[in-house]
Amino acid sequence: MNKYDSELVAGILKSAGYEAVDDIEMADIVLINTCSVREHAERRVLDKIDSYYTAKRKSPHTIIGVLGCMAERLGPKLLEMSPAVSFALGPDAYRNLPNVLELHRSGRPHTDIRIDTNTETYTDIYPSRCKGISAWIAIMRGCNNFCSYCIVPYLRGRERSRPVDDILDETRKIVNEGFKEIVLLGQNVNSYRYGDVDFPRLIERVSQIDGAERIRFATSHPKDLSPDLLRIIAGNEKICSHIHLAVQSGSNAILKAMNRNYTREHFISLITRAREIIGDPGIYTDIIVGYPGESEQDFEDTIDLVEQLRFDGVFCFKYSPREGTKAYELKDDISEEDKATRLIRLNALQKQIAFERNSKLIGSMQRILVEGPDKKRKAGHFMGRTDTNKIAIFRHKNQVSVGDMVDIRINEVSGMTLFGELI
Ligand code: SF4
């Protein structure tokens with residue numbers, strides 16, 4: 001979502017006559033788009049601002065702005081924390097960016113803009129996208145779920161959906177620019193609704209656009225993923241067999257404490273149903289370890305769930321307390337050491353499961369959307385993704401180009417990557 005927002009900001013600035021430069025030394029304006037979901041992300045931003053301070057001392061006219069959730073959360077405090085920062089602009093205030101920059105350039109600096117409208121969708125703004133084959137479109141902004149550990153609803157506001165026609169128009173433009181894959185984005189895309197159009201109807205309409213060869217979406221909340229959507233994924237070749245569904249914990253007690261509004265049993269039945277309806281989709285999840293009060297047994301329940309459901313990928317994180325959330329009021333009582341041990345154990349288990357699942361694909365044929373040369377290997381290799389979102393590498397033949405859809409036969413796997421030969 002933040003990468004998309006950066007493209008949105010680039011679009012706003014391009015329309016206002018600004019030009020992006022590749023080299024930071026050449027920039028008159030440096031904008032840092034930030035994330036507040038974990039403390040670690042914020043610390044990295046502060047380090048980055050420190051390094052820009054040196055640049056600013058060399059050319060004091062450089063304007064350094066902080067955008068995004070950290071700007072919304074800290075506002076004027078950010079300016080006190082670093083003399084390098086010229087202004088802070090929250091996620092609903094990007095339309096004001098050209099005005100803020102003009103004020104700075106004319107010597108009347110505006111330092112902190114946070115707008116709490118809960119209505120902004122930027123639906124009329126066309127992002128300036130990085131080149132590639134895959135383009136993101138935000139179909140909604142904000143979140144109503146208030147998971148106890150999460151700062152997002154406080155910083156990005158309540159859920160609001162973009163008009164269907166705007167999303168379809170943007171998809172047509174993206175396809176005309178040469179993008180092949182569309183990723184529909186939202187904090188919880190399954191609760192998209194505009195008039196009588198819900199998410200399953202929207203994704204179907206996006207898939208009907210000529211040139212949109214693959215459609216993905218991120219991310220879903222387990223309480224809202226419907227059988228209707230699963231049937232649409234199963235019956236529509238353009239919609240990828242790829243579901244990202246955050247479980248966060250395998251313990252009912254922790255799920256309740258997290259205010260996730262589903263049980264472990266509900267989650268297991270959802271994944272079982274997804275596999276019954278779709279076949280063998282790529283299923284990915286997020287897990288937090290070390291949430292306050294997570295006992296050894298709670299963690300064992302998570303391990304058990306991962307063993308039972310055998311995901312294709314798990315993104316594991318250590319719990320990070322965020323001020324302003326419900327969980328922040330609880331004692332962060334799991335030691336760093338225990339959090340780290342649980343994280344290592346979970347990652348090791350998932351690595352083994354992913355390897356076993358991928359090994360079953362040896363000998364199979366997979367359709368790949370070619371993304372580009374594989375930078376890690378010698379020249380002559382391309383990388384792409386399966387519709388289940390697995391990375392696949394194959395030897396390059398002259399007739400293959402970036403953006404092509406090709407079939408490869410898998411003959412080897414290593415960890416998370418598939419290797420194959422062009423058919
Ligand atoms: S669904 Fe929960 S974790 Fe996801 S953005 Fe909303 S509040 Fe945060």
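How each quantity is defined
- Residue numbers run consecutively from 1 along every chain, following the written order of its sequence.
- For this predicted model, a pLDDT threshold of at least 70 governs which residues receive local features, and a threshold of 80 or more governs which side-chain atom pairs are given and counted, while totals over whole chains, interfaces and linings are taken from all residues.
- We call a residue exposed when 12 or fewer other C-beta atoms sit within 10 Å of its C-beta, buried when the count reaches 20 or more, and partly exposed for counts in between; the C-beta positions come from the backbone.
- A helix here means a DSSP run of H or I that spans at least four residues, while a strand means a run of E at least two residues long, and both kinds are numbered starting from the N terminus.
- The directions from the helix axis to the C-beta atoms are what the arc is built from.
- It is the C-beta atoms, placed from the backbone, that decide contacts: two residues are in contact if theirs lie within 7 Å.
- When DSSP finds two or more bridges between two strands, those strands count as paired.
- Axis definition: a line fit to C-alpha positions, over the contact stretch in the case of helices; interaxial angles, taken between N-to-C directions, run 0 to 180 degrees.
- A set of buried Ala, Val, Leu, Ile, Met, Phe, Trp, Tyr and Cys residues, joined through C-beta atoms within 7 Å, is what we mean by a nonpolar core.

### Details of helix α9 (residues 227-235)
Phase 1: Every buried residue of α9 is accounted for by L229, L230 and I233. Buried residues along α9 cover an arc of 100 degrees about the axis, so they all sit on one side. Along α9, exposed side chains directed more than 90 degrees from the buried face belong to D228 and G235.
Phase 2: The secondary structure elements touched by the buried residues of α9 are α8 (199-207) and α11 (264-278).

### Observations concerning the sheet that holds strand β3 (residues 87-89)
Phase 1: Spatially, the four strands line up as an open sheet ordered β1-β2-β3-β4, and their pairing is parallel. Lying at the two open borders of the sheet, with one neighbouring strand each, are β1 (29-34) and β4 (112-113).
Phase 2: Pairing of β1 with strand β2 (residues 63-68), which is carried by six bridges, proceeds in the parallel orientation. Bridged to T34 within β2 is G68.
Phase 3: This element, helix α2 (residues 39-58), spans β1 and β2 of the sheet and lies at about 175 degrees to β1.
Phase 4: Against the sheet, helix α5 (residues 97-105) contacts β1, β2, β3 and β4, and its axis sits at roughly 170 degrees relative to β3.

### Overview of the pairing of strand β5 (residues 134-138)
Phase 1: Most of β5 sits out of view: four of its five residues are buried.
Phase 2: Taken together, the five bridges between β5 and strand β8 (residues 181-185) define a ladder with parallel strand orientation. By the bridge assignment, A138 is partnered in β8 with L185.

### Brief notes about the nonpolar core
Phase 1: In this structure, L89, I137, I139 and L184 are the most contacted members of the largest nonpolar core, which totals 83 residues.
Phase 2: At five residues, the largest contribution of residues to this core is made by α11.
Phase 3: Ignoring sequence-local partners within four residues, the contact set of I139 consists of S161, R162, I167, L184, L185, G186, V189, Y192 and L202.

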